[in-house]
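Spelled out, the chains give:
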Amino acid sequence: MALISSDRLRFPCEPWKLVENIHVPGDEGTLETLFALGNGHLGIRGAHSTRGDGELPGTFINGFHEIWDIKHAENAYGFARTGQRIVYVPDANNFMVSIDGEALSLAESTVLDYHRSIDFSTGVYEESTTWACRSGAVVTTVERRAVGFDSRGCLGLELTLSADRDVSADITSAVVNRQDQPVEDHSVHDPRRSGRHAGRVLLPLHLHGADGSLRLAWETSESRQRIAVAVDHWISLEGQPFETVVAEDESTVRYVLAINDGETFRLEKTASYVVAGADTAEDRGESLAVEAEANLLPFSEILTQSHDHYRQYWTTADVAIGGQPELQQAVRWGLFQLAQATARAGVAGIPAKGVSGSGYEGHYFWDQEVYLLPYLTYTNPAGARKVLESRHAMLPDARVRAKELSVDGALFPWRTINGLEASAYYAAGTAQFHIAAAIAFAANRYEWASGDAGFRAEVGAELLIETARMWASLGFFGKDGMFHIHGVTGPDEYTAVVNDNLYTNVMARFNLRAAAALEHAGITDTERMVWRQAAERMSLPYDTHLQVYSQDNDFMTLEPWDWNTPKSKYPLLLNFHPLVIYRHQVLKQADTVLAMFLQWQDFTAEEKQRAFDFYDPITTGDSTLSACVQGIMAAEVGYGDVALKHFTEALFIDLDNSHGNTIDGVHIASTGGIWSSLVCGFAGMRDQGEVLRFDPRLPAEWDGLSFRLKVQGRLLSVELAQGSIALALEPGPDYSIEPLLVNVRDHDVTVGAGTVTVPLDSVPVPPPSIFPSVFPTAGLPIVHA
C-alpha cells in the first residue's frame, strides 16, 4: 500500500521538503528511514526523540561493525568464515520531557498540532508538536537536528519549549547504547533484514560525566573497534543540571526548572563521535574520548556546515523536471539521500542502506559501482575516487580470496565491510563473480569521465589488471574454440550457479579488453594475448529459435513460471525454496537487459528491443535494482509509457514502502538508479565511447528536464524540452570552458560557453517483437493450496 503518494493531506507535496502534517501510528519505522539524516560517515534515523515513540531508532557510523564466526550447517572449503554487521552506536537523540508531572509522548499524550519536515536545501530536520497537558497547560516543543560536514562526526540537536502559563518542566537528555538493548531478530523471517548478536557487543572503556557533559567510550567485543562520544549541553536559562548520571547502557543529563508564561526555553545538545581500530594502550578509551571532545562544535556551527554544504551541492547536483511537482519532490528526496549516503564517507564504501539503517548488515555490494558511482562520478568525482580507493585497499585480501577459489589475480568479496567475504550463502553470493567486472567498469568510467591524470597509475590500472587475471583463469577455451565462464551467478539471483551467464560474460569481456589496452609494465605479452583472445572469443549464449540472447546456456530450456501465482507469494525469495525458483524461467531483476545498457555499443537496436520484449514480462521486480534499469532500456527502445511506468515505480520504492522493508534503511542503490534513469534513460546519455553521447527520450507529459554533469574538468549544463536539447559549459573557478565535443543522435556537436540548441524529432514507437509460442507450464500446485 502506498504511503507518501497516497495521502497528500498528511504528506503535502513541497518541492524542497518532505513534510508530515498528521501523526498516524503504525508507520514509525518506515518514516524513521524517510526522515533520516546523514553525511556518508554518520547517520541518525528520523525517530521521534521521546521514549516509546520510535520503532527502530538508532545512529550508525559507516564501517563500524562487529564480527562473529559463521556457523555453517554443513561446512565446505572456501566458505565465508567471518560474519560482519554494522553496529548501532550510542544514540544521542533522546529527550524525555515532563510537564507538571506528565511525561509527554505521542503515544499517550493529547496532541493539538503536529508537524515535522526534513529540508533538502539545508539538511535540517525539524519537528513541532503542541500538547494539551493534563494540568491545563498548552505546551509547544520544537526539535531541530543537523549533522556536520567539515566535521563529519558531529551531530547537533536542539529542543525548545514554550507554554501558555507557568509550568514545571523536568527534561532528561540521554545517550543510549541501543546495540545491547533486547530486540527481536527480524532476519529469521526475512534475509534482507539485519540480524542481532547473541552476546554483548559494546564493552565500556571509559565512562565519565559531570555538569551536563558526557565523555564515553566503548570497544566492540570481537572486532576490537573503538568508539567514543563526547556530549555537551547548553541551556538558555540560568542554572546547572539537576543531575548527570553515567552508565554503560544509558547516560543522562537532567534539568528540573520552572518555565514562565511567554518564555521560551532552549536546550542545545551537541555530540562528537570518533572511531578507531584496536589499541592495547591502557588509556585507549580515555584518549579517544579526549579526541572526541576536541572535535565538539556548537549547534550553530553544525547548522552552518549543513546549510553551506547543501547550498553548494544543489548548484550542480539538482535535476529539475518541468510540470511534474510530485515527481520533482520525490527526485529531490532521492538526490538528498544520495548526498547523505556519500558526502563525507571518506575512503570507505557505501553501504547498501547508506547510513540510514542496518539493512543488509551495513555491507558494501556491487551496487555501489554499478548504481551509485555513475551519480558520484558526474556530480562528485572526488567522492567516486575515494570509493575506488577503498576497493583498491581491499586488494591484499582479494588476492588471498582468489587463491582460496583457485583463480589468479584478485577476487573481491560479494558482500563485505572489512574486505573479507561475508556472504554465507555462496550460490547467491560468492558465485557472483561479476562484482570484479563492476569494479573494473567503475574505475574505467571514472578515468574516462574525470580526466584524473594520476588515477590510472595510483589505482585504476591495478584494479583492471588484477580482475582481468581473475577472469582469464576462471574461464577456459572450450572445444568449440570459444571462451566460457562456468559456475557463476549473474545479477538475477533467481537463476544461480549457471554456465555462461550473458551479463557476466559481457562484462568480463569489457574487463579483459580494457586491461589488454593498458600500457603497463606489469602486463606480460602472453597475458595480453590471452586477454584479447578471451575477449574476442567470449561465448554469448543466443537462442536462434527466439532470436534473443539467452540469459545463460540453459535459461531457454527452463520451465516457464506460473504467472497465476498470487501477489501474496511475492517476493518469491520469501515464499519458495531457492531450488523451486532456480528451475523456472523467472527473473528477480533485469540481467541481460542490464548488460545491454552498460555495454550499449556491443548490441544492435533490434537485439536490445527483442531482449527487452522477452525479459521484461518475466521479470518480477522483486529486486529494488530492477525497475530503474528496465525503465532506462524501455526509453532507449522507444517504449515511452513503459519507461515512465518503471521509472515511477523505482522513484517511490522507499517513499511508498512498496517492497515492505524501507524500515531497514533507504535502498540507496535504487536511488542511484533514479539518477541514471533521468540522465541515461530520459536524456539518453551514454559514456566511455569516443565522446559523450545523448539520445533523448523526454516523456510526453513532462515540460522539460535539466541537470548538470561534471565531465573532464568541465561543468556541462543539459536542458531538455519537447523537441530540443540545449547544451552549454558553465564557467567557474573549478571548471574549464574549453570546448567539449559531444554527440547528439549520431551528430557531433561542439559545446562551449554559449548555449547550443539541437532540434529533436519525436521517436516512433516500434512494433513489439513477436516470439514463437512457448511450451505450456505444468504449473506450481503449491501456490494454489
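These numbers come from a predicted model, not from an experiment.

Attention shifts here to the overall build of the protein. A tally of helices and strands in the protein yields 17 helices and 35 strands. For 785 residues, the compact-globule estimate of 2.2 N^0.38 gives 28 Å, and the protein sits close to it at 27 Å. Summarising its shape, the C-alpha atoms of the protein cover approximately 85 × 65 × 60 Å along the three principal directions. Within the protein, buried positions represent 62% of all 785 residues. Expressed as a percentage of contacts within the protein between residues at least 6 apart in sequence, the contacts between residues at least 24 apart total 67%. As presented, the protein carries roughly 29,100 Å² of accessible surface, and 51% of it is formed by carbon and sulfur atoms.

This paragraph deals with the packing of helix H4 (residues 325-342) against helix H16 (residues 640-651). Contact geometry of H4 with H16 gives a least axis separation of 10 Å together with a crossing angle of 50°. For the element pair H4 / H16, the angle class is oblique. Read as a crossing pair, H4 and H16 show a hand that is left-handed. Facing H4, whose interface residues are Leu327, Ala330 and Val331, H16 presents Phe647, Thr648 and Leu651. When the residues that make up the contact of H4 with H16 are grouped by side-chain class, the tally is five nonpolar, one polar and no charged.

Once that is clear, we can look at a nonpolar patch on the surface. A cluster of nonpolar side chains, contributed by Leu9, Ile22 and Val24, occupies part of the molecular surface with about 260 Å² of accessible area. Checked against the element boundaries, Val24 lands in the loop between strand E2 (17-20) and helix H1 (28-34). For Val24, a relative accessible area of 33% gives the class partly exposed.

This part covers the packing of aromatic side chains. The final tally for this structure, using the stated rule, is 29 aromatic pairs. Between Phe149 and Tyr310, the ring centres sit 5.5 Å apart and the planes meet at 85°, which makes this aromatic pair edge-to-face. Remark: Tyr310 occurs in helix H3 (residues 299-317) and Phe149 occurs in the loop between strand E12 (138-147) and strand E13 (154-163); sequence separation between them is 161 residues. Between Tyr360 and Phe365, the aromatic rings sit 5.8 Å apart at their centres with planes inclined by 80°, giving edge-to-face as the arrangement.

Let us look at H4. With 18 residues, H4 should cover 26 Å at 1.5 Å per step; its first-to-last C-alpha distance of 26 Å lies within 8% of that length. Along H4, 16 of the 18 residues are buried, which leaves the element largely enclosed by surrounding structure.

To continue, consider the pattern of salt bridges. All chains considered together, the criterion is met by 45 salt bridges. For Asp308, the salt bridge is made with Arg311, and the minimal N-O distance between the two is 2.5 Å. In this pair, Asp308 and Arg311 both sit in helix H3, three residues apart, roughly one turn of the helix. The class for Asp308 is partly exposed, based on a relative accessible area of 35%. With a shortest N-O distance of 2.6 Å, Asp695 and Arg697 are connected by a salt bridge. Taking the relative accessible area as the measure of exposure, Asp695 reaches 29% and is therefore partly exposed.

Turning next to the sheet that holds strand E14 (residues 167-176). Strand order in this open sheet of five strands is E9-E8-E14-E19-E18, and the pairing throughout is antiparallel. Edge positions in the sheet fall to strand E9 (102-103) and strand E18 (243-245), since each of these pairs with one other strand and no more. One ladder, built from ten bridges, connects E14 with strand E19 (residues 250-259); its direction is antiparallel. Along E19, the bridge assignment pairs Thr172 with Arg254.

Attention now moves to the packing of helix H9 (residues 455-474) against helix H10 (residues 502-516). Interaxial distance between H9 and H10 falls to 9 Å at its minimum, and their mutual angle equals 130°. One finds that H9 runs oblique with respect to H10. Classified by chirality, the crossing of H10 by H9 is left-handed. Where H9 approaches H10, its residues Leu464, Ile465, Thr467, Ala468, Trp471 and Ala472 are matched on the opposing element by Thr504, Ala508, Asn511, Leu512, Ala514 and Ala515. For the contact of H9 with H10, the residue count by class is nine nonpolar, three polar and no charged.

What counts as what
- Throughout, residues of each chain are indexed from 1 in the direction in which the sequence is written.
- Only residues with pLDDT of at least 70 get local features here, since the model is predicted, and only at 80 or more are side-chain atom pairs given and counted; chain-wide, interface and lining totals rely on the full set of residues.
- Heavy atoms throughout the structure, all of them, feed into the side-chain values; hydrogens and water do not.
- Each helix corresponds to a stretch of at least 4 residues labelled H or I by DSSP, and each strand to a stretch of at least 2 residues labelled E; elements are numbered beginning at the N terminus.
- We take the radius of gyration over the C-alpha atoms and set the globule estimate at 2.2 Å times the residue count to the 0.38 power.
- Burial classes follow relative accessibility: with a 1.4 Å probe on protein chains only, a residue under 20% of its type's maximum area counts as buried, one over 50% as exposed, and anything between as partly exposed.
- Residue contacts follow a heavy-atom distance rule, with two residues in contact if any of their heavy atoms lie within 4.5 Å.
- All accessibility values rest on the Shrake-Rupley procedure with a 1.4 Å probe; residue burial counts only the protein chains present in the view.
- Only the stretch in contact is used when fitting a helix axis, every axis being a line fitted to C-alpha atoms; angles between N-to-C directions are given from 0 to 180 degrees.
- Angle categories are assigned with fixed cut-offs, so that under 35 degrees is roughly parallel, over 145 is roughly antiparallel, 65 to 115 is roughly perpendicular, and the rest are oblique.
- Two helices cross in a left-handed way if the nearer one is turned anticlockwise from the farther one by less than a right angle. They cross in a right-handed way if the turn is clockwise.
- Residue polarity follows a fixed list, in which Ala, Val, Leu, Ile, Met, Phe, Trp, Tyr, Cys and Pro are nonpolar, Asp, Glu, Lys and Arg are charged, and the others, Gly among them, are polar.
- Like-charged residues within 9 Å of one another, or nonpolar side chains (Val, Leu, Ile, Met, Phe, Trp, Tyr) within 5 Å, are grouped into patches, provided each residue has over 30% relative accessible area and no salt bridge.
- Salt-bridge detection follows one rule: a side-chain nitrogen of Lys or Arg within 4 Å of a carboxyl oxygen of Asp or Glu.
- A pair of Phe, Tyr and Trp rings is counted when the ring centres sit within 6.5 Å of each other, with Trp represented by its six-membered ring. The angle between the planes then sorts it: under 30 degrees is stacked, over 60 is edge-to-face, the rest tilted.
- Given the number of residues in a helix, its expected span is that number minus one, multiplied by 1.5 Å.
- Only strands that DSSP links by at least two bridges are regarded as paired with each other.

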